[in-house]
Amino acid sequence: MIYTVHGLENDHHVREMLLCLLPAETPERVEFAPEGTDALGVAIDHTGTETVIRVCCTRGGRQVCVEQRAPVTDSEEDTKRAQTHAVKSAIFEAVTPFLDAVPEWGSLTGVRPAKFARGFLEKGYTPVQVAQLMTEQYHVSPARRALAIRSAGIALDCKKRLHPRDISIYIGIPFCPSRCSYCSFVSHSIEKAGRLMAEYLDTLCAEIVHTGKIIKQADLHIISMYIGGGTPTTLSAEQLERLLDTVQNAFDLQYMTEFTVEAGRPDTITEEKLHVLAQHDVDRISINPQSMNDEVLAAIGRHHSAQAVLDTYEMARGIGFRAINMDTIAGLDGDTPESFAHTMDTLIGLNPENITVHTLAAKRGADQHDRVRNAEKHETVRQMLDIASQNLTAAGYAPYYLYRQKFMAGGFENVGWCKMGYECWYNVYMMEELQTIVSLGAGGMTKLLSADGRKIRRINNPKYPYEYNTSLEKINAGKQALLAWASEL
Ligand code: SF4
């Protein structure tokens, strides 16, 4: 869709809102839109005491115009925030009359809707007031606002329990046995990049040892650890043992309350590897079927059957982990609400402590074709998520964290569900940005949260294993920032 903007330098929010509402159309800014053509016009006037935003959307010869006003206050930050909100809200109101389905997250485009809701709870709003605001000003549906406010409350309680010196560790293993068709992670199939794995493990162990020394020097408390990827169990049992031995020797783990390893793909899991995890105090693992429909599994490039998921789950239960998570994805090609219901019923029947329900997201750099396909799945995904929500609730699970990604089918969200008392707190710390997360390995992004919790400093490790394997000196030097950060706590 073409659009014009007058009176606004940075049109980032206009593009963002248009992509959210019309994901199948690429927004293109033009100087002038001929009368009668399908276009969006945004005009902004500043009167001194307020900003007046006028948005007109023309489609198929019909036009809808909306006007919104945002106050100018003493705070430049607040003024800007109010203006951004009013621009997005006006675009939402002007465009949605032309849509078959109204996006349930309304004019909220961020990846952390619970953090957004928590911001208001922290300012003293009651949950009822936050609900009212999310509906009236941000057009969020009742189901979505309930999800956000519930997760916000959990994060708020969690935040109160955290000590300033508490941190979590993330370790990335960016290898998988094969690449899933929908994957947008930095992960390499071992077929293509397996030769890098041994060197990767050497580099990673060296980074762990170095980081362990800095964390001890900075007197920080590691309260949770998460080894993800990729698929960490792509490593052999011997390699996993070496990695976990290094972790145990390098870090002081006396404050740890949970230790997760993504076992991920059933085709990488063996009894020997699960024993190695359990012997190193890993108490939570993920076994991620995504679907319990063999045709869907084959279509997405997973080289395992639904039966393999059942067998692996039974094996893991026999070994005895405190919690097992299972991931599903709503909107996979070839899946239907009926076959998705079968997946949910089968997983619920296994009784894992956590079930995470993702919505299919277009890969980074997805072309218009992918975005159109995802947009067309809105109704199917809505039905699937409703099935998940109803069945999980009936079985005693409750949602506890959520996040969104760009170009999710139907614009929905990913939600972590758990049995009472089985929240994975690492997920809450990370998604709600409640504490510092030190990330190791290729693609790792360390986030240092300032003492007042308002600012985050990011330190990126090289993205790809081949870059990572040759950058240890630089990576280790970057970790010095942890000492400076800890000295300000
Ligand atoms: S298992 Fe996960 S990380 Fe690996 S290829 Fe599939 S989606 Fe990507």
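About the thresholds
The residue count restarts for each chain, going from 1 along the sequence in the order it is written. Under the rules for a predicted model, residues below a pLDDT of 70 receive no local features and side-chain atom pairs below 80 are neither given nor counted, while totals for whole chains, interfaces and linings still include all residues. Think of the side-chain values as coming from all heavy atoms in the structure, minus any hydrogens and water. Secondary structure is summarised from DSSP: a helix means a run of H or I of at least four residues, a strand means a run of E of at least two, and numbering begins at the N terminus for each. Within these notes, the globule rule equals 2.2 Å times the number of residues to the 0.38 power, and the radius of gyration is based on C-alpha atoms. Summary of the burial criterion: residues with accessible area below 20% of their type's maximum are buried, those above 50% are exposed, and those between are partly exposed, where the area comes from a 1.4 Å probe applied to protein chains only. Here, a disulfide means two cysteine sulfur atoms that sit within 2.5 Å of each other. Think of a salt bridge as a Lys or Arg side-chain nitrogen and an Asp or Glu carboxyl oxygen that are within 4 Å of each other. Pairs of residues are marked as contacts when any of their non-hydrogen atoms sit within 4.5 Å. In this analysis, rings of Phe, Tyr and Trp, with Trp reduced to its six-membered ring, are considered paired at centre separations within 6.5 Å, and the interplanar angle assigns stacked below 30 degrees, edge-to-face beyond 60, and tilted for intermediate values. We call a charge positioned above a ring when the Lys NZ or Arg CZ atom is no farther than 6 Å from the ring centre and deviates by at most 35 degrees from the ring normal. For helices, the fitted axis covers only the stretch in contact; all axes are lines through C-alpha atoms, and the angles between them, taken along N-to-C directions, range from 0 to 180 degrees. Here the angle decides the label: under 35 degrees means roughly parallel, over 145 means roughly antiparallel, 65 to 115 means roughly perpendicular, and every other value means oblique. Under the scheme applied, nonpolar residues are Ala, Val, Leu, Ile, Met, Phe, Trp, Tyr, Cys and Pro; charged residues are Asp, Glu, Lys and Arg; polar residues are all the others, including Gly. Note on pairing: two strands pair once DSSP finds at least 2 bridges between them. Look down the strands so they point away from you; if going from the first strand over the helix to the second traces a clockwise path, that crossover is right-handed. As annotated, the domain borders come from an automatic or database domain assignment. The term buried area refers to how much accessible surface (probe radius 1.4 Å) is lost by two components on association, counted for both of them together. For this analysis, a polar contact is any N or O atom pair within 3.5 Å, provided that within protein one partner can donate a hydrogen and the other can accept it, and provided that sequence-adjacent residues contribute only side-chain to side-chain pairs.

Peer 1: How should the overall build of the chain be read in this particular structure?
Peer 2: For the chain, the helix and strand inventory stands at 18 helices and 18 strands. Radius of gyration (C-alpha) of the chain: 24 Å, near the 23 Å computed for a compact globule of 489 residues. Seen through its principal axes, the chain has C-alpha atoms that stretch 70 × 55 × 45 Å. A burial count over the chain gives 56% of its 489 residues as buried.

Peer 1: So what exactly am I meant to see when it comes to the state of the cysteines here?
Peer 2: Each disulfide consists of a covalent bond between the sulfur atoms of two cysteine residues. Going through the model one piece at a time under the given rule, you end up with one disulfide. Unpaired in terms of disulfides, Cys20 finds its nearest cysteine sulfur in Cys57, a separation of 15 Å. Given a relative accessible area of 26%, Cys20 falls into the partly exposed group. Cys424 provides the cysteine sulfur closest to Cys158, a residue in no disulfide bond, and the two sulfurs are 11 Å apart.

Peer 1: Please explain the pattern of salt bridges as it appears in this structure.
Peer 2: Counted according to the given criterion, the structure contains 27 salt bridges. Lys88 serves as the salt-bridge partner of Glu16, at 3.6 Å between the closest nitrogen and oxygen. Separated by 72 residues along the polypeptide, Glu16 in helix α1 (residues 12-21) and Lys88 in helix α2 (residues 76-95) bring together distant segments of the chain. The partly exposed category is assigned to Glu16, whose relative accessible area is 22%. Accessibility expressed as a relative area gives 12% for Lys88, which makes it buried.

Peer 1: What is the right way to read the side chain of Thr51 from this model?
Peer 2: Summarising the element assignment, Thr51 is placed in strand β4 (residues 50-59). Accessibility expressed as a relative area gives 1% for Thr51, which makes it buried. Ignoring sequence-local partners within four residues, the contact set of Thr51 consists of Ile44, Asp45, His46, Gln68, Arg69, Ala70, Val72 and Gln83.

Peer 1: Help me understand the packing of aromatic side chains, please; the structure alone is not making it clear to me.
Peer 2: Geometry of an aromatic ring pair is reported as the spacing of the ring centres plus the angle between the planes. In total, this model carries 11 aromatic pairs according to the counting rule given. Taking the centre distance of 5.2 Å and the plane angle of 65 degrees together, the rings of Phe120 and Tyr125 count as edge-to-face. The class of Tyr125 is partly exposed, set by a relative accessible area of 31%. Measuring from centroid to centroid gives 5.4 Å for Phe175 and Tyr200, while their planes differ by 85 degrees, and the two rings are edge-to-face. Of this pair, Phe175 sits in strand β7 (residues 175-176) while Tyr200 is found in helix α7 (residues 197-217), placing the two residues 25 residues apart along the sequence. The burial state of Phe175 is the same as that of Tyr200; both residues are buried. What links up through ring pairs into an aromatic cluster is the set Phe116, Phe120, Tyr125 and Tyr138. Taking NZ or CZ as reference, Lys419 lies 4.7 Å from the ring centre of Tyr397, over its face.

Peer 1: Hey, could you run me through the packing of α7 against helix α8 (residues 237-250) in this one?
Peer 2: For any two helices packed against each other, the geometry comes down to the angle between their axes and how far apart the axes lie. Across the interface, α7 lies against α8 with an axial gap of 9 Å and an inter-helix angle of 10 degrees. Considered as vectors, α7 and α8 are oriented roughly parallel to each other. Of the residues in α8, those touching α7 at Met197, Ala198, Leu201, Asp202, Leu204, Cys205, Ile208, Val209, Gly212 and Lys216 are Gln239, Arg242, Leu243, Thr246, Val247, Asn249 and Ala250. A per-class count over the contact of α7 with α8 returns 10 nonpolar, four polar and three charged.

Peer 1: Can you walk me through the packing of α8 against helix α9 (residues 271-279) in this structure?
Peer 2: Where α8 contacts α9, the two axes come as close as 9 Å, and the packing angle between them is 10 degrees. For the element pair α8 / α9, the angle class is roughly parallel. Note on element contacts: α9 touches α8 through Glu272, Lys273, Val276 and Leu277, opposite Ala237, Glu238, Leu240, Glu241 and Leu244. Among the residues making up the contact of α8 with α9, the classes are represented as five nonpolar, no polar and four charged.

Peer 1: Looking at this model, I keep getting lost on the sheet that holds strand β3 (residues 39-46). Mind explaining?
Peer 2: The pairing of strands in a sheet comes from backbone hydrogen bonds and takes either a parallel or an antiparallel form. Strand order in the open sheet formed by five strands is β2-β1-β3-β4-β5, and the pairing between neighbours is mixed. Single-partner strands in this sheet number two, and they are β2 (28-29) and β5 (62-71). Its contacts with the sheet place α2 against β3, β4 and β5, and it is angled at close to 165 degrees to β5.

Peer 1: I'm lost on the pairing of strand β1 (residues 2-6) in this one. Help?
Peer 2: Where a strand is regular, its side chains alternate between the two sheet faces. For β1 and β3, the ladder comprises five bridges, and the chain directions are parallel. Bridge assignment links Val5 to a residue of β3, and that residue is Val42. Note that β1 and β2 share two bridges and pair parallel. Paired with Tyr3 across the strands is Arg29, a residue of β2. For the segment spanning β1, α1 and β2, crossover handedness is right-handed.

Peer 1: Can you help me understand the domain arrangement of the chain in this one?
Peer 2: Quite often, the size of an interface is put as the accessible area lost when its parts meet. In terms of domains, the chain is made up of domain 1 (1-99), domain 2 (102-151) and domain 3 (162-440). The C-alpha centroid of domain 3 is placed 26 Å from the C-alpha centroid of domain 2. Counting from both sides, the interface comprises 17 residues of domain 2 and, opposite them, 19 residues of domain 3. Buried area between domain 2 and domain 3, both sides added, is near 1,600 Å², and the carbon and sulfur share of it is 49%. When residues of domain 2 are sorted by the area they lose upon contact with domain 3, Trp105, Arg112 and Leu147 head the list and together hold 31% of the total. Across the domain 2-domain 3 interface, the total number found is four salt bridges. Measuring nitrogen to oxygen at the nearest pair gives 3.3 Å for the salt bridge that ties Glu432 to Arg118. The tally of links between domain 2 and domain 3 comes to 10 residue pairs in polar contact (both at pLDDT 80 or more). Residue assignment for the side of domain 2 that touches domain 3 shows that the elements contributing at least two residues are α3 (113-122) and α5 (142-161).

Peer 1: What's the story with the side chain of Ser286 in this structure? I'm lost.
Peer 2: Within the secondary structure layout, Ser286 lies in strand β11 (residues 284-287). The contact partners of Ser286, leaving out residues within four places of it in the chain, are Val261, Glu262, Ala263, Gly264 and Asn325.

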